[in-house]
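Here is what each chain is made of, one letter per residue.
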Amino acid sequence: MAIRLHFWGADQTVTGSSHHIECAGQNVLLDCGLFQGRREDAANINSHLALTPEQLAGKAAPGLNAVVLSHAHIDHSGDLPLLAKQGYRGPIYTTPSTIDLCGPMLKDSAHIQESDAQFIGKRYGRRQQIKMPPGPGPEPPLYTQDDAAQAGQLLRPVKLHEPQVLAGSTKDAGFTMTSTNAGHMLGSTNVLMEATEKGQTVRLLFSGDVGRKNLPIIRDPDAAPAADYLIMESTYGDRLHSPMGDVKAKLAGLVKAVLARGGHIIVPAFAVERTQQLVLLLHQMIEAGEIPEFPIFVDSPLASAVTEVFKKHQEDWDAEACAFYHKGEDAFGWNRLKYTQTVQESKALNELKVPFMVLSASGMCEAGRILHHLKNGVQDPRNLVLITGYQAPNTLGSKLVAKEQEVNILGEPMRVRAQVESIDSLSGHADQQELLDWMAPVAPTLKKVFLVHGELAAMTVLKGKIEERYKLEVVCPKRGDRFEVG
Ligand SMILES: [Zn+2]
């Protein structure tokens with residue numbers, strides 16, 4: 001028997017996760033994520049999915065039987081509305097918490113696409129009027145909020161550890177999936193795919209994003225199940241995170257310094273996970289008297305909806321979080337947060353004369369309200385830009401981390417005078433050692449490892465480590481590469 005793997009995203013790069021697998025005429029897509037990077041690249045990459053619109057709409061063979069979504073992060077889920085727009089009406093299997101997170105997250109992503117298209121259209125018109133080279137012409141948005149709602153209709157819940165038939169049957173030819181807890185974010189999974197043909201079964205494990213032990217709120221990752229092939233992420237394949245204890249000390253030092261000089265702390269953060277974790281840390285430090293009380297704003301219409309999803313899905317919490325929650329009214333410090341919903345409230349923050357922290361999306365500073373906060377704050381040396389998550393190359397976030405002296409924000413060159421600091425230990429991604437340890441239970445049965453979801457430099461280092469420790473063949477596919485395994 002043979003399974004065909006078609007790598008279509010997050011290949012030698014981090015974002016845009018999408019892998020197409022085919023066996024005995026059955027087709028399944030693992031993730032359908034949004035690529036984030038240079039605008040020209042992003043527009044082209046995001047608009048071409050692994051299958052054509054004719055295939056997705058069932059008008060050309062092979063069609064798509066099912067989609068499996070590992071978790072809700074936009075780089076894994078953000079092209080699902082496009083899949084729906086191009087005519088796909090089949091099931092998208094994922095966990096109940098991921099379904100609840102995808103509602104507000106895909107809507108928000110669609111809103112960003114719509115505003116982006118509007119912005120480019122307006123700029124084009126303005127430049128034409130004043131006889132400037134107009135730049136890229138107006139294009140319709142990649143997808144709309146209606147497409148996001150349509151994609152939401154296709155989401156189907158699966159329970160962890162329970163096999164789900166995706167296509168065909170387990171007897172003759174078909175695909176079955178079983179998901180386990182990835183410990184990366186609320187509802188995140190690793191997915192074991194079992195492909196059967198003529199009574200033979202091949203097991204393919206997709207890591208999704210590999211999480212970490214002892215992250216606040218969510219449960220630790222499950223042990224990796226046995227498999228014949230592994231598709232594994234490699235975001236931090238060349239790095240080790242610093243210990244959590246050091247993070248608190250660094251954070252306390254930074255916060256106290258900014259409060260003393262009367263600045264603002266600007267935190268680009270996904271509305272999911274990092275926001276809730278960072279707030280929990282700050283809350284614990286304020287309670288322990290390690291830092292003074294100060295206002296924390298969450299400037300994201302998405303964040304309050306996401307916090308509600310966190311509250312609802314206590315089945316995904318670890319024992320500590322459950323005990324902590326039942327002890328007090330505001331165990332996680334979520335009541336401490338001030339949410340800004342409207343654009344007016346968001347803009348009003350810039351008039352505030354007292355020190356405060358504002359958390360706002362997007363996490364890589366590519367879109368959303370964070371751009372306005374950076375535009376207003378990045379030139380003031382009293383301010384701190386606190387980076388808490390992975391920054392893909394060519395994003396504004398990566399330029400800030402690289403301490404570039406001048407950056408472009410909303411089309412205007414700005415001098416970076418604010419302090420920029422990174423705290424990587426809050427990352428939901430396993431580091432090199434954690435990735436190697438996570439794959440230890442599955443390594444003895446593996447025939448080959450495919451590394452995805454990492455920059456080539458990080459992948460190459462991890463490849464060497466896996467070859468050395470487990471004596472396995474490791475491949476780093478490029479976008480469009482096809483492999484046959486069996
Ligand atoms: Zn993720």
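See the structure above.
Residues numbered from 1 in each chain as written. Predicted model: local features only at pLDDT ≥ 70, side-chain atom pairs only at ≥ 80, totals over all residues. Heavy atoms only, no water.

## Structural notes on the overall build of the chain
Then comes step 1: Within the chain one finds 15 helices and 22 strands.
Then comes step 2: Taken over the C-alpha trace, the chain has a radius of gyration of 22 Å; the compact-globule value for 486 residues is 23 Å, and the two agree within 12%.
Then comes step 3: For the chain, long-range pairs separated by at least 24 residues make up 74% of all intrachain contacts whose partners lie at least 6 apart in sequence.
Then comes step 4: Roughly 19,600 Å² of accessible area belongs to the chain as shown, and the carbon and sulfur atoms make up 52% of that amount. (Helix = DSSP H or I, 4+ residues; strand = E, 2+ residues; numbered from the N terminus. Rg over C-alpha atoms; globule rule 2.2 N^0.38 Å. Contact = heavy atoms within 4.5 Å. Areas by Shrake-Rupley, 256 points an atom, 1.4 Å probe, with all protein chains shown as cover.)

## Details of the packing of aromatic side chains
Then comes step 1: Overall, the coordinates contain six aromatic pairs when judged by the stated rule.
Then comes step 2: Between the aromatic rings of Phe297 and Phe356, the centroid separation amounts to 5.6 Å while the plane-to-plane angle is 90°, which identifies the pairing as edge-to-face. Of this pair, Phe297 sits in strand β13 (residues 296-298) while Phe356 sits in strand β15 (residues 356-360), placing them 59 residues apart in sequence. When sorted by exposure, Phe297 lands in the same class as Phe356, which is buried.
Then comes step 3: When the centroid spacing of 5.0 Å and the interplanar angle of 85° are considered together, the rings of Trp317 and Tyr325 count as edge-to-face. (Phe/Tyr/Trp six-rings, centres within 6.5 Å; stacked < 30°, edge-to-face > 60°. Buried < 20%, exposed > 50% of the residue type's maximum accessible area, 1.4 Å probe, protein only.)

## Observations regarding the packing of helix α5 (residues 96-129) against helix α9 (residues 301-312)
Then comes step 1: It is at 10 Å that the axes of α5 and α9 come closest, and there the two elements cross at 175°. Relative to α9, α5 is oriented roughly antiparallel. Contact residues: Ser97, Asp100, Leu101, Pro104, Met105 and Asp108 in α5; Leu302, Ala305, Val306, Val309 and Lys312 in α9.
Then comes step 2: Taken together, the residues of the contact of α5 with α9 break down into seven nonpolar, one polar and three charged. (Axes fitted to C-alpha atoms, helices over the stretch in contact; angles between N-to-C directions. Parallel < 35°, antiparallel > 145°, perpendicular 65-115°, else oblique. Nonpolar A, V, L, I, M, F, W, Y, C, P; charged D, E, K, R; others polar.)

## Notes on the sheet that holds strand β9 (residues 189-197)
Then comes step 1: Strand order in the open sheet formed by seven strands is β7-β8-β9-β10-β11-β20-β21, with mixed pairing between adjacent strands. Two strands bound the open sheet, and with one partner strand each, they are β7 (164-168) and β21 (474-475).
Then comes step 2: Relative to β21, strand β20 (residues 448-452) runs parallel, the two sharing two bridges. Residue pairing for β21: Val449 is matched across the bridge by Val474.
Then comes step 3: Seen against the sheet, helix α15 (residues 456-470) touches β11 (229-233), β20 and β21 and runs at an angle of roughly 160° to β20. (Pairing = 2+ DSSP bridges.)

## Description of the environment of Gln391
Then comes step 1: Tracing the backbone shows Gln391 in the loop between β16 (384-387) and α13 (396-401).
Then comes step 2: Sequence-wise, Gln391 and Gly37 are 354 residues apart; in three dimensions their C-alpha atoms are separated by 9.8 Å.
Then comes step 3: At 3.0 Å, the side chain of Gln391 forms a polar contact with the backbone oxygen of Gly363.
Then comes step 4: Separated by 3.2 Å, the side chain of Gln391 and the backbone oxygen of Gly389 make a polar contact. (Polar contact = N/O pair within 3.5 Å; in protein donor to acceptor, adjacent residues only side chain to side chain.)

## Section: the coordination of the zinc ion
Then comes step 1: Here the zinc ion is held by His71 (NE2), His73 (ND1), His184 (NE2) and Asp209 (OD), and the distances to it run 2.2 to 2.3 Å.
Then comes step 2: Relative to the metal, the four donor atoms surrounding the zinc ion lie at angles of 91 to 168°, and the coordination shape comes out irregular.
Then comes step 3: All donor residues of the zinc ion come from one chain, and their arrangement in sequence is H-x1-H-x110-H-x24-D. With a gap of 111 residues between them, His73 in the loop between β4 (66-68) and α3 (74-77) and His184 in the loop between β8 (173-181) and β9 connect regions that are remote in the sequence. (Donors = N, O, S within 2.8 Å, 3.2 Å for Na, K, Ca; no water. Tetrahedral: all angles 85-135°; square planar, octahedral: opposite > 155°, others 65-115°.)

## So, the nonpolar core
Then comes step 1: The biggest cluster of nonpolar side chains holds 74 residues, and the ones touching the most others in it are Leu80, Leu83, Leu101, Leu251, Leu282 and Leu359.
Then comes step 2: If sequence neighbours within four positions are ignored, Leu83 has contacts with Leu29, Cys32, Leu49, Leu56, Leu64, Val67 and Tyr88.
Then comes step 3: Of all hydrophobic cores here, the second largest spans 27 residues; its members include Ile3, Ile21, Ala195 and Leu204. (Core = buried A, V, L, I, M, F, W, Y, C linked by side-chain atoms within 4.5 Å.)

## Here's the deal with the pairing of strand β3 (residues 26-30)
Then comes step 1: Counting buried positions along β3 gives five out of five residues, so the element sits mostly inside the fold.
Then comes step 2: The side-chain alternation of β3 yields two buried faces, one formed by Gln26, Val28 and Leu30 and the other by Asn27 and Leu29.
Then comes step 3: Between strand β2 (residues 18-23) and the antiparallel strand that follows it, β3, lie two residues; Ala24 among them carries a positive phi value of about 50°.

## Some remarks on the packing of helix α7 (residues 244-261) against helix α8 (residues 274-287)
Then comes step 1: Contact geometry for α7 and α8: axes closest at 11 Å, N-to-C directions at 75°. The pairing of α7 with α8 is recorded here as roughly perpendicular in orientation. Contacts between α7 and α8 involve Val247, Lys248, Leu251, Ala252 and Val255 from the first element and Leu278, Leu281, Leu282, Gln284 and Met285 from the second.
Then comes step 2: Here the contact of α7 with α8 is composed, by residue class, of eight nonpolar, one polar and one charged.

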